[in-house]
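Descriptive structure summary
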Amino acid sequence: EDQVTQSPEALRLQEGESSSLNCSYTVSGLRGLFWYRQDPGKGPEFLFTLYSAGEEKEKERLKATLTKKESFLHITAPKPEDSATYLCAVPPVLNDMRFGAGTRLTVKP
Amino acid sequence: GAVVSQHPSWVICKSGTSVKIECRSLDFQATTMFWYRQFPKQSLMLMATSNEGSKATYEQGVEKDKFLINHASLTLSTLTVTSAHPEDSSFYICSASGQYSNQPQHFGDGTRLSIL
């Protein structure tokens with residue numbers, strides 16, 4: 001069965017303290033892995049798409065990487081405004097997106 | 001680009017009334033639209049998938065007669081919660097994507113539904 005597992009469930013960092021979020025997936029034929037950011041009371045905001053192992057994408061303090069079994073979202077020198085829930089998702093069949101449970105990131109000043 | 005607008009953002013109504021939520025893709029043609037429900041501190045739960053001009057496909061356990069979905073055009077889908085009750089109170093989010101399944105979904109900002 002197609003599965004997406006994110007860890008840790010919650011992460012608290014001090015401002016400037018770099019770290020990584022993990023997304024492990026099991027799908028029969030990866031057709032893309034997506035990262036989203038969700039702020040409280042808002043819909044998810046699209047961040048990145050990764051299509052093949054070895055691919056990397058960057059946006060400001062965020063960098064997403066992909067292997068054959070997992071993806072990492074690296075956060076370099078985070079700021080309090082980076083606090084949010086980060087979701088990863090994969091489309092196992094057609095448009096049926098599978099979302100992970102998310103990692104709630106809190107960055108303290 | 002890829003903006004999805006969802007209205008209303010917050011609804012409070014009495015038990016037994018029906019509530020309609022609109023989801024519009026403003027700058028692209030949304031071949032497929034999705035409706036999700038989200039409980040506090042939980043991830044998104046897919047309710048149904050709709051393709052323009054076709055009947056929606058509902059996930060197991062989602063009542064078709066309770067949650068009516070219409071996707072009449074490539075830019076508009078609506079979710080109507082019929083005869084809403086307090087247990088229907090939740091955060092409902094729509095998303096839209098293009099023609100290909102390996103394209104990301106773009107989300108609206110959600111609708112907070114509170115049934116008194």
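Details of the overall build of chain B
Across its full length, chain B holds zero helices and eleven strands. What you see in chain B, going N to C, is helices and strands ordered as β-β-β-β-β-β-β-β-β-β-β. Over its C-alpha trace chain B gives a radius of gyration of 13 Å, about what one expects of a compact globule, namely 13 Å for 116 residues. Taken along the three principal axes of its C-alpha coordinates, chain B extends 40 × 25 × 25 Å.

A few points about the sheet that holds strand 7 (residues 62-66) of chain A
All names here are of chain A. Spatially, 1-3-8-7-6 is the arrangement adopted by the five strands of the open sheet, whose pairing is antiparallel. Here the strands that pair on one side only, and so sit at the sheet edges, are strand 1 (3-7) and strand 6 (56-59). Strand-to-strand, the axes of this sheet are offset by a mean angle of 15°, without reference to chain direction. The sheet contact formed by strand 1 and strand 3 (residues 19-26) spans five bridges and is antiparallel. Bridge assignment links Gln6 to a residue of strand 3, and that residue is Cys23.

A word on the packing of aromatic side chains
The tally for this structure, following the rule as stated, stands at eight aromatic pairs over all chains. When the centroid spacing of 5.9 Å and the interplanar angle of 70° are considered together, the rings of A:Phe99 and B:Phe107 count as edge-to-face. On the criterion of chain membership, the pair formed by A:Phe99 in strand 10 (residues 96-99) and B:Phe107 in strand 10 (residues 106-107) is interchain, its members lying in two chains. One exposure class covers both A:Phe99 and B:Phe107, and it is buried. Taken together, the aromatic side chains of A:Tyr36, A:Phe46, A:Phe99, B:Phe34, B:Tyr36 and B:Phe107 make up a single cluster linked through ring pairs.

Comments concerning the state of the cysteines
Across all of its chains, the model carries two disulfides over all chains by this definition. Paired through a disulfide, A:Cys23 and A:Cys88 show a sulfur-sulfur distance of 1.9 Å. Linking A:Cys23 and A:Cys88, the disulfide has an S-S dihedral of approximately 80° and is accordingly described as right-handed. Here the residue A:Cys23 occupies a position in strand 3, and A:Cys88 occupies one in strand 9 (residues 84-93), the gap between them amounting to 65 residues. Residue class for A:Cys23 comes out buried when judged on its relative accessible area of 0%. Of the residues examined, A:Cys88 reaches a relative accessible area of 0% and is grouped as buried. Here B:Cys23 is linked by a disulfide to B:Cys94, with a sulfur-sulfur distance of 2.0 Å.

The rules behind the values
- Residues numbered from 1 in each chain as written.
- Chains lettered and ligands numbered in written order.
- Predicted model: local features only at pLDDT ≥ 70, side-chain atom pairs only at ≥ 80, totals over all residues.
- Heavy atoms only, no water.
- Helix = DSSP H or I, 4+ residues; strand = E, 2+ residues; numbered from the N terminus.
- Rg over C-alpha atoms; globule rule 2.2 N^0.38 Å.
- Pairing = 2+ DSSP bridges.
- Axes fitted to C-alpha atoms, helices over the stretch in contact; angles between N-to-C directions.
- Phe/Tyr/Trp six-rings, centres within 6.5 Å; stacked < 30°, edge-to-face > 60°.
- Buried < 20%, exposed > 50% of the residue type's maximum accessible area, 1.4 Å probe, protein only.
- Disulfide = S-S within 2.5 Å.

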